[in-house]
Amino acid sequence: MKYVIYKLKNLSLIKYIINWGRICSMWPVHLTTACCSVEFAALSGPRYDPERFGWLAAVGSLRQSDVLLIEGTVTAKMAQRVRLIYDQMPEPKWVIAMGACAISGGLYAKDSYNVIQGIDDIVPVDVYIPGCPPRPETLFQGILMLRDKIMNEVIR
């Protein structure tokens, strides 16, 4: 039986169908701490309509979510909670870091003792979206980059 499952996973058509299903139903959960949330809200509106690319509405349930979108500054006190949220999400899961604060600490990194200098110290990041705050178009481009990454992944 394991041999049959192994052979099925290695067929490129099966990989394509599974990855296509994943990119057409990305359920995000977003952790908002700063001004990037306004840009995320703008993306969720009818002007951009990300659902046509498989980016579904953020319901806030970790049991359903497979994309963690971290927007804004993360402090040392929040770091454990970010890791807890990441660990509670089912596999496969992906992480998007949105904004300069999430990527490198942003404006608060230099003189603050408790701001994390990038969330890649806490969770593995798949896509970085630079900007302060990044425009909805940039976030949309990040979603498309994540789709490309998922399509090229090997099935586990």
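Residues numbered from 1 in each chain as written. Predicted model: local features only at pLDDT ≥ 70, side-chain atom pairs only at ≥ 80, totals over all residues. Heavy atoms only, no water.

## Here we look at the pairing of strand β2 (residues 67-71)
Right, so step 1: With 5 of 5 residues buried, β2 lies mostly within the body of the structure.
Right, so step 2: Both faces of β2 are covered, namely the face carrying V67, L69 and E71 and the face carrying L68 and I70.
Right, so step 3: With 5 bridges connecting them, strand β1 (residues 28-32) and β2 associate as parallel partners. In the strand pairing of β2, P28 is matched with V67.
Right, so step 4: For β2 and strand β3 (residues 94-98), the ladder comprises 5 bridges, and the chain directions are parallel. (Buried < 20%, exposed > 50% of the residue type's maximum accessible area, 1.4 Å probe, protein only. Helix = DSSP H or I, 4+ residues; strand = E, 2+ residues; numbered from the N terminus. Pairing = 2+ DSSP bridges.)

## Things to note about the packing of aromatic side chains
Two measures describe an aromatic ring pair: the distance that separates the ring centres and the angle between the ring planes.
Right, so step 1: Taken as a whole and assessed by the stated rule, the structure comprises 1 aromatic pair.
Right, so step 2: If you follow K93 out to its NZ or CZ, it ends over the ring of Y86, 4.2 Å from the centre. (Phe/Tyr/Trp six-rings, centres within 6.5 Å; stacked < 30°, edge-to-face > 60°. Lys NZ or Arg CZ within 6 Å of the ring centre and 35° of its normal.)

## Overview of the sheet that holds strand β4 (residues 127-129)
Right, so step 1: Strand order across the open sheet formed by 4 strands is β1-β2-β3-β4, with parallel pairing between neighbours. Of all strands in the sheet, those with a lone pairing partner are β1 and β4, marking the two edges. Averaged over all pairs of adjacent strands, the angle between strand axes in this sheet comes to 20°, irrespective of strand direction.
Right, so step 2: Each of β1, β2 and β3 touches helix α3 (residues 36-43); the most contacted strand, β2, lies at about 135° to it. (Axes fitted to C-alpha atoms, helices over the stretch in contact; angles between N-to-C directions. Contact = heavy atoms within 4.5 Å.)

## What to know about the pattern of salt bridges
Right, so step 1: With the rule as written, the count across this model stands at 4 salt bridges.
Right, so step 2: R83 is the salt-bridge partner of D87, the closest N and O atoms lying 3.2 Å from each other. With D87 and R83 both in helix α4 (residues 76-88) and 4 residues apart, the pair spans about one turn of that helix.
Right, so step 3: Relative accessible area serves as the criterion here: at 44%, D87 is assigned to the partly exposed category.
Right, so step 4: We classify R83 as partly exposed; its relative accessible area is 33%. (Salt bridge = Lys/Arg side-chain N within 4 Å of Asp/Glu carboxyl O.)

## Some points on the packing of α3 against helix α6 (residues 136-151)
Right, so step 1: Between α3 and α6, the least distance of the axes is 9 Å, while the angle of their chain directions is 70°. When the axis of α3 is compared with that of α6, the two are roughly perpendicular. Together, E39, F40, A42 and L43 of α3 and P136, L139, F140 and I143 of α6 make up the contact between the two elements.
Right, so step 2: The class makeup of the residues in the contact of α3 with α6 is 7 nonpolar, no polar and 1 charged. (Parallel < 35°, antiparallel > 145°, perpendicular 65-115°, else oblique. Nonpolar A, V, L, I, M, F, W, Y, C, P; charged D, E, K, R; others polar.)

## Brief notes about a nonpolar patch on the surface
Right, so step 1: Together, L13, Y16, I17 and W20 give the surface a local cluster of nonpolar side chains, amounting to about 460 Å² of exposed area.
Right, so step 2: The residue L13 is located in helix α2 (residues 12-23) in this model.
Right, so step 3: What makes L13 exposed here is its relative accessible area of 57%. (Patch = residues over 30% accessible without salt bridge, like charges linked within 9 Å, V, L, I, M, F, W, Y side chains within 5 Å. Areas by Shrake-Rupley, 256 points an atom, 1.4 Å probe, with all protein chains shown as cover.)

## Some details on α3
Right, so step 1: Turning to α3, its buried residues number three or more, namely C36, E39, F40 and L43. Taken end-on, α3 shows its buried residues confined to a sector of 100°, consistent with a single buried face. Seen from the open side of α3, the exposed residues pointing more than 90 degrees away from its buried face are V38 and A41.
Right, so step 2: Buried residues along α3 sit in contact with β1, β2, β3 and α6. (Arc of directions from axis to C-beta.)

## Examining the nonpolar core
A general trend in soluble globular proteins is that nonpolar side chains are found buried together.
Right, so step 1: If you look at the biggest cluster of nonpolar residues, it comprises 19 residues, and the most contacted ones within it are W55, I96, L139 and L146.
Right, so step 2: When residues in this core are grouped by element, the largest group, 5 residues, is from α6.
Right, so step 3: Excluding residues that lie within four positions of it along the chain, W55 makes contacts with M26, P28, F40, L43, P50, V67, L69, I96 and I143.
Right, so step 4: Counting residues in each nonpolar core, the second largest holds 18 residues, with A79, I116, V123 and V125 among its members. (Core = buried A, V, L, I, M, F, W, Y, C linked by side-chain atoms within 4.5 Å.)

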